[in-house]
Amino acid sequence: MGKSVKSKKVITFIEHLTHSKAPWYGHPLRLMDWQKDFIHDLYGTIDKEGRRQYRQAFLFVGRKNGKTLLAAALALFHLLADGKPGNEVVLAAGSREQAGICFSQAADFVRMNRVLRKRCRVVDYKKTITDTKTGSILKTVSADGAMAHGLNPGFVVADELHVWTGQKGRDLWAALTTGSSTREEPLFLSITTAGVEQTSVAYEQYKYAKQVADGTVKDETFLPVLFEADEGDKWDDPATWAKANPAMGEFKNIEDIQAMANKARYIHSLRLEFERFHLNRWTGTATSWLDLSAWDATAGIVVPGELKGRVCYGGLDLSSTTDLSSLVLVFPDDNAPTGYDVLCHFWLPEERLESTEDALDYKTMARQGFLTTTPGNVIDYRSIHHTIKQVRKEYRLKELAFDRWNSSQLITELMDDGAPVVATGMGYKSMSAPSKHLEELILSKRIRHGGNPILRWNAAGCAIETDASENIKPTKKKSRHRIDGIVALILALSRAMLRERRESIYTERGLLSV
């Protein structure tokens, strides 16, 4: 084994490229020390025949450390300077959007260089760059697009591998890793931050890289480069951050990391994002969510009588007829930014009062007026119907959201009454934005829930699921106990956010005539 001058050639090529974005626009690209070390290891290690030793590399590093910029620069090297005419370079990603980000960076490098502009043909709508001198081509593929069968790449960048989820992600991985068998020195580079899905290709490659790194597995063709916090490290210690962020202090601002850490102390989902992005830790798909100390700090005092006549939005969570059901109303205030007062109603069948299944004293809750019971062993929806009628008399109920997949005869009756019911999805698309808004409201103390003990119990046990795009939603299946009130609160906020946003636009600019 030995070191070749090839790595120096790669570095020289890259540092003749020019930045295309502020604050370094127009300046030569200067690689950071960690990037140079990576290139020296990857391209400078040769085998006995004088060829590159590594056929696959796994670069695992925190977000915003210059991964995509490095990937685009290496892709251009293989397109233009690797000495292999007719090469096929592939930028692969989990989505067209992500593939487009890496391609755009490569295209910008070309456009910023007078020599490369003359030599290369960039076709943006196809996302291809062709070297007119050698016939080599750079193209993009994505897991959510057409399959990559038939490719014969000499160099592949698998960008943000953690979002290559599901069968489509596996199919793309298989097509690319088996498609370069006829190339002399093929190279497959996976670049990623930690994710949430631990049954994915990315996690499998991460575990394999760990085994190669610690010597458990011997694979001289695989280069593992892992920047991550160690198990047991304190998550809020700058020394821990430095382990996962080799660009900290240069490319990545430590003040920005500190600001996010300060918020993450109070919001669990932000804590999870912080650990993924800045500590490079896999966090799983479901975990407890709301910090009770922050929840209690924003309780405030809510007096129902003082809310009469005010505009409100509702969320209705109808569980099975034998379980807890909830109606939550949110009343936007006149402040900027908007805050909310919250009123809750909960129902339970009377025969469930003695239940020991839930760790909440339902009898006490009923006696104190926080819980309404209905005779028998199932909820009498007439009680809920009656309450909603009273709500419409006392307050200006604009919209009442409910789960479109769990409607009942009650919803039909409410529609017959003229109630402003709105069917709402329970997936990431509908629930992520209001769930994140709830976090913001808690952190900024702009939501006053009056310390309702049932809602607090729901908040304490609520878990969330996170998808590969960092969307979140509450999950009843994985929560420690019932979360009906929190779900109803999020449903109510989903309507309040939309309506208040529209009214804010009209207030600021007035109505437009067309």
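Everything below is about the structure printed above this text.
Residues numbered from 1 in each chain as written. Predicted model: local features only at pLDDT ≥ 70, side-chain atom pairs only at ≥ 80, totals over all residues. Heavy atoms only, no water.

**Quick look at helix H16 (residues 453–461)**
Three- or four-residue spacings in an α-helix give side chains the same orientation, since the helix completes a turn every 3.6 residues. With respect to burial, H16 is a largely interior element, seven of its nine residues being buried. Within H16, burial applies to Ile 454, Leu 455, Trp 457, Asn 458, Ala 459, Ala 460 and Gly 461. Measuring from the side-chain oxygen of the N-cap residue of H16 to the backbone nitrogen of Ile 454 gives 3.0 Å; that N-cap residue is Asn 452. (Buried < 20%, exposed > 50% of the residue type's maximum accessible area, 1.4 Å probe, protein only. Helix = DSSP H or I, 4+ residues; strand = E, 2+ residues; numbered from the N terminus. Polar contact = N/O pair within 3.5 Å; in protein donor to acceptor, adjacent residues only side chain to side chain.)

**Considering the packing of helix H2 (residues 33–44) against helix H3 (residues 67–80)**
Look at H2 against H3: their axes get within 12 Å of each other, and the N-to-C directions meet at 40°. In this view, H2 runs oblique relative to H3, as classed from their interaxial angle. Both H2 and H3 take part in a crossing whose hand is right-handed. Side by side, H2 and H3 meet where Trp 34, Gln 35, Phe 38, Ile 39 and Tyr 43 of the first sit next to Leu 70, Leu 74, Phe 77 and His 78 of the second. (Axes fitted to C-alpha atoms, helices over the stretch in contact; angles between N-to-C directions. Parallel < 35°, antiparallel > 145°, perpendicular 65-115°, else oblique. Left-handed = near helix turned anticlockwise from the far one by under 90°. Contact = heavy atoms within 4.5 Å.)

**Quick look at H3**
Helix length check: H3 (14 residues) gives 20 Å between terminal C-alpha atoms against 20 Å at 1.5 Å per residue, within 8%. Burial of H3 is extensive: 14 of the 14 residues sit out of reach of the surface. (Expected span 1.5 Å × (residues − 1).)

**Here we look at the pattern of salt bridges**
For the structure on display, the rule yields 33 salt bridges. In this structure, the salt-bridge partner of Asp 82 is Lys 84, at a minimum N-O distance of 3.7 Å. Asp 82 gets classed as buried once you look at its relative accessible area, which sits at 6%. Counted as one network, the salt bridges with shared partners bring together Lys 6, Arg 52, Asp 82, Lys 84 and Glu 185. (Salt bridge = Lys/Arg side-chain N within 4 Å of Asp/Glu carboxyl O.)

**Some remarks on the sheet that holds strand E3 (residues 56–60)**
Across the sheet, eight strands lie side by side as E5-E6-E7-E4-E8-E9-E3-E10; this open sheet has mixed pairing. Across the chains shown, the open sheet's two edge strands, defined by having one partner strand only, are strand E5 (120–123) and strand E10 (222–226). Here the strands of the sheet are splayed against their neighbours by 15° on average, with no regard to which way each runs. The sheet contact formed by strand E8 (residues 155–159) and strand E9 (residues 187–192) spans five bridges and is parallel. Within E9, the residue paired with Val 156 across the bridge is Phe 188. (Pairing = 2+ DSSP bridges.)

**Examining the nonpolar core**
Counting 50 residues, the largest nonpolar core has Phe 38, Leu 59, Leu 74, Leu 76 and Ile 129 as its most contacted members. Of all the elements, H3 adds the most residues to this core, at 11 residues. What Leu 76 contacts, discounting residues up to four positions off in sequence, is Phe 13, Leu 17, Ala 81, Ala 106, Phe 109, Val 110 and Ile 129. Formed by 42 residues, the second largest nonpolar core is a distinct cluster that contains Leu 324, Cys 344, Ile 483 and Ala 488. (Core = buried A, V, L, I, M, F, W, Y, C linked by side-chain atoms within 4.5 Å.)

Everything listed here is a matter of coordinates, which is why it stays silent on function.
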